[in-house]
Amino acid sequence: MSPSFPTVRTPAGPVPPGAPAWNPQRPSSMPHHRYRSAYERVPIPLTGRSWPARRLTQAPLWVSEDLRDGNQALTVPMDVPRKRRMFELLTAMGFKEIMIGYPSASRTDLEFVRHVARTGVPEDVTVAVLTAARADLIEQTFAAVEGLPRVVVHLYTPTAPVWRRTVLGLGRAELYAMIHDAATLMARLADARPRQHIRFEFSPEVFVLTEPDYVLQVCDGLTALWDASPDRPVIHNLPATVEIASPNVYADQIEYMHRHLDRRDSVILSVHPHNDRGTGVACAELAMLAGAQRVEGCLFGNGERTGNVDLVTLALNLHAQGVDPMLDFSDIDTVREVVEHCTRLPVHPRHPYGGDLVYTAFSGTHQDAISKGLARHARHAADLGVPEREAPWEVPYLPIDPADVGRGYEAVIRVNSQSGKGGIAHLLREHHGLDLPAELRADFSRTVQEVTDDTGEEATPDDLWELFERTYLRPAAGGPVTLASFSAGETARGVHVVTCDLDPGDGRRHPCQGTGNGPLSAFTTALTSAGIKVSVLRHETAPAPGGRTVAYAECRVNGAVRWGAGRDAEPLTASVNAILAAVNRAATEAAIAFEM
């Protein structure tokens, strides 16, 4: 029984004036008038933008937020063992800066920060901790990081007008004073720990809705207060806490700050995009074009609401453009499995680069192009004299070589009712060593589609082989007419004679003989003498696994055209069986009766 769904409200009303005839869309009932564009909510003062002409040529400093922002988004937050497993994954992948927690926010976060302090971190890895702009929380944070050799203390506070009014109840001057006091305390506490290398980060939360002049005032004030220098830079992290506009607007906001921040060579410009509009990856990429040097995000995009920016996609987007991502995804399945274990969340099977099905094509046209592309890639690598893994990659529909991330080619092409002859032929060739003639591919694909339409299920390579064997090979020995005996010889130059006994299935043997310019033409003549009018339209043989030969024959049998196949150590036997399979298929499928 089909489920019952409520009725969806269909847009109604007149088509807007001036709409072209090809666009009959009508107004929806949704209250879009309640919302304002970003341009009406915050000044976007940038002019003469330069980011559109730039190119991404190197990776930013990646910062994993999986243990904090990612963790706070989980229904069941990670415990210390799961956090430890995630931390080990991140360091193994090559992350050099990792947010490990908000130690004043929960006991688990504090326990993990202390765990990391006790067990140590790789010597080139810096950990970060988060704190709000409150003296007691800052003091707890500095107590928690005791013993960590390299740490970034990340101060944040909302700065946008709506948050100032609604959450904090503070004006611009009052909030600036609060941030300044918090930063002063941080500097004093850090000075008291000369053996630790402590750096500072500030995030004006909801940067995208904060007045640009106010962000500059706050950030420049902290740059001066913390006495930033090129060898001890401050991090100013400008988050799209809630996405409000298309990615080009975020890029404009970042470029404006990039141009106007004081002591720019002493500032690491960082971004922290979220994905409320589904454009977090694009926001991060355009922000890098606009001057961002550091990106905070989570593996596979986990995070509050619709998620933090997806670092897997971002990094492998660079890889696909010939830029070293400076992170190792060569075993993407292990990365995904660890993340799924730690977060208890599944990664979507079509997730870019890492999903189970992301390199898989079911569409016939896609399969045909991929199959041809892989074959051409192999030939090109051979021509260059290099391994396929080293050859330039140009395969249709596959932006990167799946082998780069530890995937094989077995699952690149899979067959269901949407598939075509190219994909079916590719799987038979790769898994069973059969390279079907082009015309037979089309014939077999119709058979496969009938089966997959009927079952609604995928056909595996073994399913395809069983169906091919049942359709084209077995009829030679299991149809209405079989060979009881067969012999062939050449009586004179170019004159071949075939003598055989046919078994029509009624217990009798029907002897027949034929002559031709080759053994196959002699065989078809012998069949014709027995009342089975056969002509071979196409015939091919090819090597098959196990030292055998496979033969394919398209035959016209008493007016019906059918394909057959044979497989044997002897090429002639394989070819005779292929013709006989076509005969029996015609007899069965076209209901042809032979009078012998």
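All residue numbers here refer to positions counted from 1 along the written sequence of the relevant chain. Under the rules for a predicted model, residues below a pLDDT of 70 receive no local features and side-chain atom pairs below 80 are neither given nor counted, while totals for whole chains, interfaces and linings still include all residues. Excluding hydrogens and water, the side-chain values take into account all heavy atoms of the structure.

### Some points on the packing of helix α8 (residues 212–225) against helix α9 (residues 247–260)
Thinking step 1. Packing of α8 against α9 brings their axes to within 11 Å, and their N-to-C directions diverge by 45°. Considering their axes alone, α8 and α9 lie oblique with respect to each other. The chirality of how α8 crosses α9 is right-handed. Facing α8, whose interface residues are Pro 212, Val 215, Leu 216 and Asp 220, α9 presents Tyr 256, Met 257 and His 260.
Thinking step 2. Polar here means any residue outside two lists: the nonpolar Ala, Val, Leu, Ile, Met, Phe, Trp, Tyr, Cys and Pro, and the charged Asp, Glu, Lys and Arg; Gly therefore counts as polar. Looking at the contact of α8 with α9 residue by residue, the classes come out as five nonpolar, one polar and one charged. Fitted lines through C-alpha atoms give the axes, limited to the stretch in contact for helices. The angle between two N-to-C directions lies from 0 to 180 degrees. Under the DSSP-based scheme used, a helix requires at least four consecutive residues in state H or I and a strand at least two consecutive residues in state E, with every element numbered from the N terminus. For this classification, under 35 degrees means roughly parallel, over 145 means roughly antiparallel, 65 to 115 means roughly perpendicular, and everything else is oblique. Less than a right angle of anticlockwise turn of the near helix away from the far helix marks a crossing as left-handed, whereas a clockwise turn marks it as right-handed. The contact criterion used throughout is that any non-hydrogen atoms of two residues lie within 4.5 Å.

### Re the sheet that holds strand β3 (residues 126–132)
Sheet strands associate in pairs through backbone hydrogen bonding, adopting either a parallel or an antiparallel arrangement.
Thinking step 1. Here a strand pair is declared whenever DSSP counts at least two bridges between the two strands. Spatially, the eight strands close up into a barrel ordered β1-β2-β3-β4-β5-β6-β7-β8, and their pairing is parallel. This sheet shows a mean twist of 25° between the axes of neighbouring strands, independent of strand direction.
Thinking step 2. Seen against the sheet, α9 touches β6 (234–240) and β7 (267–273) and runs at an angle of roughly 165° to β7.

### Examining the UniProt feature "domain: Pyruvate carboxyltransferase" (unreviewed entry) in the protein chain
Thinking step 1. UniProt positions are given in the numbering used here, feature names are shortened, and annotations may be inferred rather than shown by experiment. In the UniProt entry, the feature "domain: Pyruvate carboxyltransferase" (unreviewed entry) is given for residues 60–333.
Thinking step 2. Across residues 60–333 one finds 45% helix and 19% strand; the C-alpha atoms that close the span lie 24 Å apart.

### Quick word on the pattern of salt bridges
Thinking step 1. When a carboxyl oxygen of Asp or Glu lies within 4 Å of a side-chain nitrogen of Lys or Arg, that pair is called a salt bridge. Inspection of every chain in the model, using the stated rule, returns 37 salt bridges.
Thinking step 2. Linking Asp 136 and Arg 134 is a salt bridge whose minimum nitrogen-to-oxygen distance equals 2.6 Å.
Thinking step 3. A salt bridge links Arg 538 to Glu 554; its shortest N-O distance comes to 2.3 Å. Of this pair, Arg 538 sits in strand β12 (residues 534–544) while Glu 554 sits in strand β13 (residues 548–557), and the two are 16 residues apart along the sequence.
Thinking step 4. Residues joined in a network through salt bridges with shared partners are Glu 97, Arg 199, Glu 201, Arg 294 and Glu 296.

### Some words on the UniProt feature "binding site: Mg(2+)" (unreviewed entry) in the protein chain
Thinking step 1. According to UniProt, the positions carrying the feature "binding site: Mg(2+)" (unreviewed entry) are Asp 69, His 272, His 274 and Asn 308. A stretch of 240 residues holds the annotated residues, and the largest C-alpha distance among them is 10.6 Å, short enough that they meet in one place.
Thinking step 2. Structurally, His 274 is set in the loop between β7 and α10 (280–289).
Thinking step 3. The residues contacting His 274, other than those within four sequence positions of it, are Asp 69, Ala 240, Thr 241, Glu 243, Gly 280, Glu 304, Arg 305, Gly 307 and Asn 308.
Thinking step 4. Residue position: Asn 308 is located in the loop between β8 (294–297) and α11 (311–320).
Thinking step 5. Setting aside residues up to four positions removed in sequence, Asn 308 forms contacts with Glu 65, Asp 69, His 272, Pro 273, His 274, Gly 297, Cys 298, Gly 301, Asn 302 and Gly 303.
Thinking step 6. Within the structure, Asn 308 has its side chain in polar contact with the side chain of His 272 (distance 3.3 Å). Two N or O atoms count as a polar contact when they lie within 3.5 Å, although within protein this holds only if one can serve as hydrogen donor and the other as acceptor, and sequence-adjacent residues are included solely when both atoms are side-chain atoms.

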